[in-house]
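Spelled out, the chains give:
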Amino acid sequence: MSAFYLAAALFLLATILLGLIRVLRGPGSGDRMLAAQLFGTTGVTILLLLSIALGESALVDVALVFALLAVVAAVAFVRQHGLPEPPDTPVHRQHPEDAPPRDDR
């Protein structure tokens, strides 16, 4: 059964490599952030699979630290770049009194 866990860990490692392409090519910072979240989630999963396959309980602790670091990275990204607001949110709507005058001739 440990061979199955090792094969699953190798498959997840391949998905990290595909995510690395997205980090390098973009196109936007949001795509890069989602790829970084993929690294965190997949890294935790790989460590948990290796913990089961190898019987090393210390890898569970390392996986927990990686999970916490992924959350910190996401918060740092949002604080740095902010969240994009959809165009129809109240933040982007103009109040009628603030709108430029219309010429209805």
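Right above here is the structure, for reference.
Chemist: An account of the side chain of T42 is needed here, citing residue identities and associated values.
Modeler: Relative to the elements of secondary structure, T42 occurs in helix α2 (residues 29-54). Every residue in contact with T42, bar those within four places of it in the chain, is listed here: L12, T15 and I16.

Chemist: So what about the environment of D61? Which residues, and what values?
Modeler: Relative to the assigned elements, D61 resides in helix α3 (residues 58-81). Residue class for D61 comes out partly exposed when judged on its relative accessible area of 48%. Distance in space between the C-alpha atoms of D61 and S51 is 9.8 Å, their sequence separation being ten residues.

Chemist: Explain the nonpolar core to me, using residue names and the numbers behind them.
Modeler: Counting residues in each nonpolar core, the largest one holds five residues, listed as A9, L12, I16, I46 and L49. Sorting the residues of this core by element identifies α1 (2-25) and α2 as the ones contributing at least two each. The element that contributes the greatest number of residues to this core is α1, accounting for three residues. Contacts of L49, omitting those with residues within four sequence positions, involve Y5, A8, A9 and L12.

Chemist: I'd like to hear about a nonpolar patch on the surface, residue by residue, with values.
Modeler: A cluster of nonpolar residues, V62, V65, F66 and L69, forms a patch on the protein surface that exposes about 340 Å² of accessible area. Mapped onto the fold, V65 is located in helix α3. Given a relative accessible area of 47%, V65 falls into the partly exposed group.

Chemist: I'd like a description of the environment of L50, backed by residues and values.
Modeler: With respect to the secondary-structure elements, L50 resides in helix α2. In this structure, the C-alpha to C-alpha distance between L50 and V60, residues ten residues apart in sequence, is 9.1 Å. Those residues in contact with L50 that sit more than four places away from it in its chain are L6, A9, G55 and L59.

Chemist: So what's going on with α1? Residues and values would help.
Modeler: With 24 residues, α1 ought to run about 34 Å at 1.5 Å a step, and its terminal C-alpha atoms sit 35 Å apart, in line with that. Those residues of α1 that fall on the buried side of the exposure criterion are A9, L12, I16 and G19. Packing partners of the buried residues in α1 comprise α2. The positive-phi residue at the C-terminal boundary of α1 is G26, with phi of around 85°.

Chemist: So what's going on with the packing of α2 against α3? Which residues, and what values?
Modeler: Interhelical geometry of α2 versus α3 gives an angle of 170° and a closest axis separation of 8 Å. In terms of their interaxial angle, α2 and α3 are classed as roughly antiparallel. Mapping the contact onto sequence places S29, G30, M33, Q37, G40, V44, L47, L48, L50 and S51 in α2 and L59, V60, V62, A63, F66, A67, A70, A73, A74 and F77 in α3. In terms of residue class, the contact of α2 with α3 is built from 15 nonpolar, five polar and no charged.

Quick notes on the rules
- Residue positions within a chain follow its written sequence, with the count starting from 1.
- Given that the model is predicted, a residue must reach a pLDDT of at least 70 before its local features are reported, and side-chain atom pairs must reach 80 or more before they are shown or counted; all residues, however, enter totals for whole chains, interfaces and linings.
- Note that the side-chain values use all heavy atoms of the structure and ignore hydrogens as well as water.
- Numbering goes from the N terminus for both helices and strands, where a helix is a DSSP run of H or I of at least four residues and a strand is a run of E of at least two.
- The contact rule is simple, with two residues in contact once any of their heavy atoms fall within 4.5 Å.
- Only protein chains enter the calculation, and the probe is 1.4 Å; a residue is then buried if its accessible area is under 20% of its type maximum, exposed if over 50%, and partly exposed in between.
- Buried Ala, Val, Leu, Ile, Met, Phe, Trp, Tyr and Cys residues that are joined via side-chain atoms within 4.5 Å together make up what is termed a nonpolar core.
- Patches draw on residues past 30% relative accessible area with no salt bridge. Two like charges within 9 Å are joined, as are two nonpolar side chains (Val, Leu, Ile, Met, Phe, Trp, Tyr) within 5 Å.
- Calculation of accessible area relied on Shrake-Rupley with a 1.4 Å probe; when residues are assessed, cover is drawn exclusively from the protein chains displayed.
- The term salt bridge refers to a pairing of a side-chain nitrogen on Lys or Arg with a carboxyl oxygen on Asp or Glu at a separation within 4 Å.
- Working rule for helices: expected span equals 1.5 Å times residues minus one.
- To get an axis, a line is fitted to the C-alpha atoms, and for a helix only the part in contact is used. The angle between two axes follows their N-to-C directions and goes from 0 to 180 degrees.
- When an angle is under 35 degrees it counts as roughly parallel; over 145 it counts as roughly antiparallel; between 65 and 115 it counts as roughly perpendicular; any other value is oblique.
- Residue classes follow a fixed rule: Ala, Val, Leu, Ile, Met, Phe, Trp, Tyr, Cys and Pro count as nonpolar, while Asp, Glu, Lys and Arg count as charged, and any other residue, Gly among them, counts as polar.

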